[in-house]
Amino acid sequence: MPKFYVQSGRLEMVLQARDSRCAAIWAAHRTLGQTLPFLCENESDYAVLADVTQLGATIRVSQRGFDREDAAIFDTLDIVTEWNQLLVALDRLTASSECEMQSE
């Protein structure tokens, strides 16, 4: 798997991922998963996340290093929204499998 250099706000992280978007989502997960014990129900709640995390307005991802001009740039709000949707889907799958196990 390729290695990516991810930067956003005060965050600098090196990680492995399938592609640059996955690297951005993984960095958001590793950052937000440590600080946020909740899932946002409304998209307007995501704006509050900037105050409690070290993420900036954008997430820059490069395979060549930090501070690269050719880095892929993602809107942090878009990445956090996608990350939250993945968590909600996992939560629903877990709840669904627990219901099936209880009905057996």
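Nothing here was measured: the structure is a model prediction, and the numbers come from that model.

**Digging into the pairing of strand β1 (residues 3-8)**
- Where burial is concerned, most of β1 is hidden: five out of the six residues are buried.
- Relative to strand β2 (residues 11-16), β1 is paired through six bridges, and the arrangement is antiparallel. Bridge pairing links Y5 to V14 in β2.
- Hairpin connection between β1 and β2: a loop of two residues separates the two successive antiparallel strands, and G9 in this loop has a positive phi of roughly 55°.
- When β1 meets strand β3 (residues 58-62), the two strands line up antiparallel, connected through three bridges. Bridge assignment links Q7 to a residue of β3, and that residue is R60.

Parameters at a glance
- Residues numbered from 1 in each chain as written.
- Predicted model: local features only at pLDDT ≥ 70, side-chain atom pairs only at ≥ 80, totals over all residues.
- Heavy atoms only, no water.
- Buried < 20%, exposed > 50% of the residue type's maximum accessible area, 1.4 Å probe, protein only.
- Helix = DSSP H or I, 4+ residues; strand = E, 2+ residues; numbered from the N terminus.
- Pairing = 2+ DSSP bridges.

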